[in-house]
Amino acid sequence: MKALVKFMNTILRLVLAVMVGVMVVACCYQVVTRFILNDPSKYTEEFLRYALIWLTMLGAPYAYGAGKHLSIDLLVMNFSTRGKNIVRVFVELVVLVLSLAVFVFGGIAVTLNAGGQISAAMQLPMECYYACIPVGGVLMAIYSVDRLLDALKDLKK
């Protein structure tokens, strides 16, 4: 499992970095066409909107897997080590269930429901845009399983 997570981290880090770079170039292009050429590109605005959604749905699992996602541990700080580990297991189970139920299964339903719809400017199938939801959910579930296994191992100690 650790090898898979390490591989996913490497790939996601590269994909996210490339996405941010492409988005910066596209945004600069949009500014130039809008304010200097007075002829705004109709494609870059839509591209940036959906690229930001994909960036979020790929970046959140990456941050979660790296332990950099926002968490509030004010109540847990005073727990014993065993209590903290029990809470970790519970949190990872909740994240796993929500990732599978909402993002994966719900995301697949939304993606399939978008069948036949085409985006306004780029004329791409809307499934391309909505697919980020189940993809992000699968990534989140994989990271959650990895973290759950770590939490269970710590709980047994």
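Let me begin by describing the structure that accompanies this report.

Rules and cut-offs
Numbering of residues begins from 1 in every chain and follows the order in which that chain's sequence is written. The model is predicted, so local features are restricted to residues of pLDDT at least 70 and side-chain atom pairs to those at 80 or more, both for listing and for counting; the totals for chains, interfaces and linings are taken over all residues. Neither water nor hydrogens contribute to the side-chain values; these are computed over all heavy atoms in the structure. The helix count covers DSSP runs of H or I at least four residues long, the strand count covers runs of E at least two residues long, and both are numbered beginning at the N terminus. Working definition: with a 1.4 Å probe on protein chains only, accessible area under 20% of the residue-type maximum means buried, over 50% means exposed, and in between means partly exposed. Whether two residues are in contact is decided by their heavy atoms: any pair within 4.5 Å suffices. Any two cysteine sulfur atoms within 2.5 Å of one another count as a disulfide.

1. Here's the deal with the side chain of Ser99
Consideration 1: With respect to the helices and strands, the residue Ser99 is situated in helix α3 (residues 81–113).
Consideration 2: Since its relative accessible area comes to 2%, Ser99 is described here as buried.
Consideration 3: Apart from residues lying up to four places away in sequence, Ser99 is in contact with Val104, Gly137, Met140 and Ala141.

2. Notes on the state of the cysteines
Consideration 1: According to the stated counting rule, one finds 0 disulfides in the structure shown.
Consideration 2: Distance from the sulfur of Cys28, which forms no disulfide, to the nearest cysteine sulfur (Cys27) is 6.0 Å.
Consideration 3: For Cys28, a relative accessible area of 46% translates into the label partly exposed.
Consideration 4: Cys132 takes part in no disulfide bond, and the closest cysteine sulfur, belonging to Cys128, lies 11 Å away.
Consideration 5: Exposure remark for Cys132: the relative accessible area of 1% places this residue in the buried category.

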